[in-house]
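# Structural description and commentary
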Amino acid sequence: MKKLLASVLVCVCVFFMTACSTPMKSSTKRQNNLNSTFTAKMNVSLEKLNAEGTITRFGDGKWEAEFESPNTLSGVKLVFEENTVKASYKGLDFSVPKSAIPVKAMLLNLIEAVDTSAHETELTGEEKEGLFCMEGSLEGGEYSLSLDSNGNIHTFEMPNNLLKIAFSEVSASGAPISTAVSETTACTTETTAETTTTTTC
């Protein structure tokens, strides 16, 4: 009985020592610079596919990606706008080619992750090796979105989908995107006794 009690005490002590030695993740906050237009070179690694190109964010849900490689995607441009995806090649519109369908699906995940984060006043994440890393979950799976020291997009990963997109040469406008508010000017029409109509705006 004493041996059993001693064994239990040893196990409890080992458990607490292990728990104390494991560092706790500390989250930090950072100013949000994602709500801006930017253009960047991208290197997409998706399972056995490696593709390179340029991606541009114009606003919420408005993106454009143009590929330089591989040969099956070279010159193909994908335009994301108003929940639709259009493809073109050298100015000619056509349906999204079969070779671009997997990349299109992964870019939609990227767009959702970035646009959702862009709505936040501050970003919450963890500092790792000079990068600010945020984690989240989409319908397509869990993701990790990393920003560099300037707040520019650096990498987007979805390990369960074997996806990694690395960004370089990021050129951001730095100005937040605001939704244009249309102003309606009320005009009044007055008719005088001389039948002269005066319009005041």
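Residues numbered from 1 in each chain as written. Predicted model: local features only at pLDDT ≥ 70, side-chain atom pairs only at ≥ 80, totals over all residues. Heavy atoms only, no water.

Next up on the list: the overall build of the protein chain. The number of helices and strands found in the protein chain is 2 helices and 14 strands. In the protein chain, once contacts between residues fewer than 6 apart in sequence are set aside, the share between residues at least 24 apart is 44%. For the protein chain, the exposed area adds up to about 13,400 Å²; of that, 54% sits on carbon and sulfur atoms. (Helix = DSSP H or I, 4+ residues; strand = E, 2+ residues; numbered from the N terminus. Contact = heavy atoms within 4.5 Å. Areas by Shrake-Rupley, 256 points an atom, 1.4 Å probe, with all protein chains shown as cover.)

Attention now goes to the pairing of strand S4 (residues 62-69). Pairing of strand S3 (residues 49-59) with S4, which is carried by 7 bridges, proceeds in the antiparallel orientation. Among the inter-strand pairings, glutamate 52 is bridged to a residue of S4, identified as serine 69. Connecting S3 to the antiparallel partner S4 that follows it, the hairpin turn spans 2 residues, and glycine 61 within it adopts a positive phi of roughly 80°. Judged from the 4 bridges that link them, S4 and strand S5 (residues 76-81) form a sheet pairing that is antiparallel. (Pairing = 2+ DSSP bridges.)

Looking at the protein chain, the pLDDT average stands at 81 and 73% of residues meet or exceed 70. Throughout residues 18-24 the model reports pLDDT below 50, and contacts reaching past four residues in sequence, or to other chains, amount to 0 contacts. Low pLDDT, under 50, characterises residues 179-201; the stretch is placed with 17 contacts to residues that sit more than four places away or in other chains. (pLDDT = per-residue confidence, 0-100.)

For the structure shown, the criterion picks out 2 aromatic pairs. Where phenylalanine 38 meets tryptophan 63, the ring centres are 5.6 Å apart and the plane angle is 85°; that geometry is what we call edge-to-face. Of this pair, phenylalanine 38 sits in strand S2 (residues 36-46) while tryptophan 63 is found in strand S4, placing the two residues 25 residues apart along the sequence. Taken individually, phenylalanine 38 and tryptophan 63 each receive the classification buried, so the pair is uniform in this respect. (Phe/Tyr/Trp six-rings, centres within 6.5 Å; stacked < 30°, edge-to-face > 60°. Buried < 20%, exposed > 50% of the residue type's maximum accessible area, 1.4 Å probe, protein only.)

Within the largest apolar cluster, 38 residues are counted, with the highest numbers of intra-cluster contacts made by Met42, Leu107, Leu110, Phe156, Ile165 and Phe167. A per-element tally of this core places helix H2 (residues 101-118) first, with 8 residues. Each residue touching methionine 42, except ones within four places of it in the same chain, is listed here: Ala51, Glu52, Gly53, Thr54, Ile55, Ala65, Phe67, Leu107, Ile165, Ala166 and Phe167. (Core = buried A, V, L, I, M, F, W, Y, C linked by side-chain atoms within 4.5 Å.)

Time to look at empty space enclosed by the protein. Evaluated as defined, the whole model comprises 1 cavity of 30 Å³ or more. The wall of the largest cavity is formed by Asn33, Leu34, Ser36, Phe38, Gly151, Asn152, Ile153, Val170 and Ala172. Contributing elements (two or more residues each) for the lining of the largest cavity: S2 and strand S12 (163-176). Here the residues of the lining of the largest cavity sort into 5 nonpolar, 4 polar and no charged. (1 Å grid on protein atoms, 1.4 Å probe; cavity = no way out; pocket = protein on both sides within 12 Å on 5 of 7 lines; lining within 4 Å. Points joined across faces, edges and corners; volume = space filled by probe spheres on them. Nonpolar A, V, L, I, M, F, W, Y, C, P; charged D, E, K, R; others polar.)

Turning our eyes to something else, we now look at the side chain of arginine 57. As for its placement among the helices and strands, arginine 57 is situated in strand S3. For arginine 57, a relative accessible area of 1% gives the class buried. At 3.3 Å, the side chain of arginine 57 and the backbone oxygen of leucine 34 are in polar contact. Reaching out from arginine 57, the side chain makes a polar contact with the side chain of aspartate 115 at a distance of 2.9 Å. (Polar contact = N/O pair within 3.5 Å; in protein donor to acceptor, adjacent residues only side chain to side chain.)

What follows covers unusual backbone geometry. Going from serine 69 to proline 70, the amide bond is cis rather than trans, its omega being 0°. With respect to the helices and strands, the residue proline 70 is situated in the loop between S4 and S5.

Turning to the environment of lysine 41, a few remarks are in order. Topologically, lysine 41 is positioned in strand S2. For lysine 41, a relative accessible area of 31% puts it in the partly exposed group. For the pair lysine 41 and isoleucine 165, spaced 124 residues apart in the sequence, the C-alpha separation amounts to 10.0 Å. Apart from residues lying up to four places away in sequence, lysine 41 is in contact with Gly53, Thr54, Glu68, Ala166, Phe167, Ser168 and Glu169. A distance of 3.1 Å separates the side chain of lysine 41 from the side chain of glutamate 68, its partner in a polar contact.

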